[in-house]
Amino acid sequence: MSFRDFIDHLRTSGRLVEVTEPVSKVFEAPRLAKKSNAPILFHDIDGQKAIMNLLGSRDELADMFGVPKDGIIQRLSDIRPDGEVKIVNTSPTMEVIENDVDLSKLPLMTHFEKDGGPYITAGVVVSEYGGMMNASIHRLMVVGKNKLAARLVPPRHSFVLHKKAAENNEPLPVAIVLGADPVITFASTTRVPAGKEFEYAAALRGAPVELFECENGVKVPHAEIILEGYVDPTERVDEGPFVDITGTYDLVRKEPVITITKIMHRKDPIYHGILPAGAEHLLMMGVPYEPKIYNAVAEVTTVKNVVLTEGGCCYLHAVVQIEKQTEGDAKNAIMAAFAAHTSLKHVVIVDEDIDIFNMMDVEFAIATRVKADLDVMIIPNVRGSSLDPRGSPDGTTTKMGIDATKVLAEKEIFERAKMPE
Ligand SMILES: C/C(=C\C(=O)O)CCOP(=O)(O)O
Ligand SMILES: [Mn+2]
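The model shown is predicted, which means the values in this text are computed figures rather than measured ones.

1. Topic: the site of ligand 1
- In the vicinity of ligand 1, the residues found are Val153, Arg156, Arg191, Met285, Tyr315, Ser343, Arg383, Ser385, Ser386 and Leu387.
- Within the side chain of Arg383, one N or O atom sits 2.9 Å away from an oxygen atom of ligand 1.
- For ligand 1, an oxygen atom lies 2.6 Å from a polar atom in the side chain of Ser386.
- If ligand 1 stood free it would expose 370 Å²; the protein chains cover 90% of that surface.
- With respect to the detected pockets, ligand 1 is housed in the largest pocket.
- Class assignment of the residues belonging to the shell around ligand 1 gives a composition of 4 nonpolar, 3 polar and 3 charged.

See below:
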């Protein structure tokens, strides 16, 4: 499915908000996107089109995968990155080619008052080096007419490829993909084995993914806009301030620079922007880790479901539902969850009768099934998330796991009372 087909599907199903009056890319469009909290298509940002909140809810994701909302994780954990990828010679993306690059002509938005500049937030950075490829989303700050600062987080594959190229003093060829089939964009946020993002997307879509070759050799899927260029081996600039998933300003760091050498786009392209700290951002960051946690917990007990909760920025807090088999299972589940998602900070393990999408229910489990000295695990000095404002400067933090499951030997005293029909 193309990006445009997906937008048409949102339109015909009545889920798309359309803004036809002119809006500014500086604060105004992001503010409207935050307010609407629904897929929103801007028809006139300095004469350009842009969509935000494209995959801004679990309902949207479930619809895209063709499963119910509580079946997303099982669906994602069943998929193997072995779909078909086809190389083709042409693409509608080549309708317009611009060699005189001026990023200010695109509707790249400035979102929050202290932001370091306009940011590309939904750009899938595809890179290739030494026979390896990678596709992942990185935030990209505009630092010049044809330059972007890229937050390449260790140990993500883009970071590794740039490091390898830089060790040989070579540029890393990249292509930034904006507005591909949303399944491909989602797949690029997953933690699949190196170089397998497009195979994973094809398996998820149930149809081959077509790729075409850019002038710099990088192979990319059809999209609305492609920015071609390279990451310089040595150049670094201040990246930030930028508001990340926590809704607070992330640190300013020295990050690598991408020079854009060419822009390709469809006629009348539709730019995709992800609202920082908005639901789409949170889901793109968190949902790919849920199947990882699910599979890791499945190794130690019977796992039923996993959610990275919105209140925990879909990244720092997890609730894991298990069918407890033996006493102590929940403690193993806690350790498995932390191992699977190293940025996770707090995790609660609950039984099958707790609705993990309902925080009242989760709190009920904590209130009635936890004795803190026995059921709370505190683990100091563990690698945490660089996005946690409470993390230590060396990247470590203290983690907490809560076993909110029933004591098996006293199961009946925890039963929730039912009223007869
Ligand atoms: C920008 C981040 C991740 C990414 O690019 O995938 C968030 C920081 O990652 P941590 O590993 O939680 O520090
Ligand atoms: Mn990768």
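2. Digging into helix H2 (residues 28-36)
- The complete set of buried residues in H2 reads Ala29, Pro30 and Ala33. Along the axis of H2, the buried residues cluster in a sector spanning 100°; they form a single face. Opposite its buried face, H2 presents the exposed residues Arg31, Lys34 and Lys35, each directed more than 90 degrees away.
- Buried residues along H2 sit against strand E2 (40-45) and strand E3 (48-52).
- Backbone geometry just downstream of H2 places Asn37 in the positive-phi region, at approximately 50°.

3. Considerations on the packing of aromatic side chains
- Here the structure, examined in full by the defined rule, presents 3 aromatic pairs.
- When the centroid spacing of 5.3 Å and the interplanar angle of 70° are considered together, the rings of Phe65 and Phe186 count as edge-to-face. In this pair, Phe65 sits in helix H3 (residues 58-65) while Phe186 sits in helix H6 (residues 182-187), placing the two residues 121 residues apart along the sequence. The two residues Phe65 and Phe186 agree in class, both being buried.
- The interplanar angle of 70° and the centroid separation of 6.0 Å between the aromatic rings of Tyr289 and Tyr315 together place this pair among those described as edge-to-face. You can see Tyr289 sitting in helix H9 (residues 289-298) and its partner Tyr315 sitting in the loop between strand E19 (302-308) and strand E20 (317-323), a full 26 residues away along the chain.
- Of the residues examined, Tyr289 reaches a relative accessible area of 10% and is grouped as buried.
- Given a relative accessible area of 8%, Tyr315 falls into the buried group.

4. Some details on the pairing of E20
- In terms of burial, E20 is largely enclosed, as 5 of its 7 residues are buried.
- As paired strands, E19 and E20 are joined by 6 bridges and run antiparallel to one another. Within E20, the residue paired with Val303 across the bridge is Ile322.
- Sheet analysis places E20 next to strand E21 (residues 346-350), joined by 5 bridges and oriented parallel. Each residue of the ladder has a partner; that of Ala318, found in E21, is Val347.

5. Structural notes on the layout of surface pockets
- Approximately 920 Å³ is the volume attributed to the largest pocket.
- Around the largest pocket, the lining is made up of 42 residues, and of these Val153, Arg156, Arg191, Met285 and Tyr315 lie nearest the centre.
- Within the residue set of the lining of the largest pocket, elements represented by two or more residues are strand E8 (132-137), helix H8 (279-286), H9 and helix H10 (329-340).
- When residues of the lining of the largest pocket are assigned to their parent elements, the largest contribution, 4 residues, is made by E8.
- Among the residues forming the lining of the largest pocket, the class breakdown is 17 nonpolar, 16 polar and 9 charged.

6. Let's talk about the pattern of salt bridges
- In the structure shown here, the tally under the stated rule is 32 salt bridges.
- Between Arg11 and Glu18 there is a salt bridge; the shortest N-O distance is 2.7 Å.
- With relative accessibility at 34%, the residue Arg11 sits in the partly exposed group.
- Assessed through its relative accessible area of 32%, Glu18 is described here as partly exposed.
- Linking Lys163 and Glu167 is a salt bridge whose minimum nitrogen-to-oxygen distance equals 4.0 Å. Residue Lys163 and its partner Glu167 are both found in helix H5 (residues 157-167); the two are separated by 4 residues, about one turn of the helix.
- Of the residues examined, Lys163 reaches a relative accessible area of 45% and is grouped as partly exposed.

7. Here we look at the UniProt feature "domain: 3-octaprenyl-4-hydroxybenzoate carboxy-lyase-like C-terminal" (unreviewed entry) in the chain
- What UniProt calls "domain: 3-octaprenyl-4-hydroxybenzoate carboxy-lyase-like C-terminal" (unreviewed entry) maps, in this numbering, to residues 283-404.
- From the first C-alpha to the last, residues 283-404 spans 25 Å; its make-up is 34% helix and 29% strand.

8. Quick notes on the coordination of the manganese ion (ligand 2)
- Distances from the manganese ion (ligand 2) to its protein donors, namely Asn134 (OD1), His157 (ND1) and Glu197 (OE), fall within the range 2.1 to 2.2 Å.
- Along the chain, the residues donating to the manganese ion (ligand 2) are arranged with the sequence spacing N-x22-H-x39-E. You can see Asn134 sitting in strand E8 and its partner His157 sitting in helix H5, a full 23 residues away along the chain.
- Taking the relative accessible area as the measure of exposure, Asn134 reaches 1% and is therefore buried.

What counts and how
Residues numbered from 1 in each chain as written. Chains lettered and ligands numbered in written order. Predicted model: local features only at pLDDT ≥ 70, side-chain atom pairs only at ≥ 80, totals over all residues. Heavy atoms only, no water. Near = heavy atom within 4 Å. Polar contact = N/O pair within 3.5 Å; in protein donor to acceptor, adjacent residues only side chain to side chain. Areas by Shrake-Rupley, 256 points an atom, 1.4 Å probe, with all protein chains shown as cover. 1 Å grid on protein atoms, 1.4 Å probe; cavity = no way out; pocket = protein on both sides within 12 Å on 5 of 7 lines; lining within 4 Å. Sits in = over half its atoms within 2 Å of the grid points. Nonpolar A, V, L, I, M, F, W, Y, C, P; charged D, E, K, R; others polar. Buried < 20%, exposed > 50% of the residue type's maximum accessible area, 1.4 Å probe, protein only. Helix = DSSP H or I, 4+ residues; strand = E, 2+ residues; numbered from the N terminus. Arc of directions from axis to C-beta. Contact = heavy atoms within 4.5 Å. Phe/Tyr/Trp six-rings, centres within 6.5 Å; stacked < 30°, edge-to-face > 60°. Pairing = 2+ DSSP bridges. Points joined across faces, edges and corners; volume = space filled by probe spheres on them. Salt bridge = Lys/Arg side-chain N within 4 Å of Asp/Glu carboxyl O. UniProt positions renumbered as here; feature names shortened; annotations may be inferred. Donors = N, O, S within 2.8 Å, 3.2 Å for Na, K, Ca; no water.

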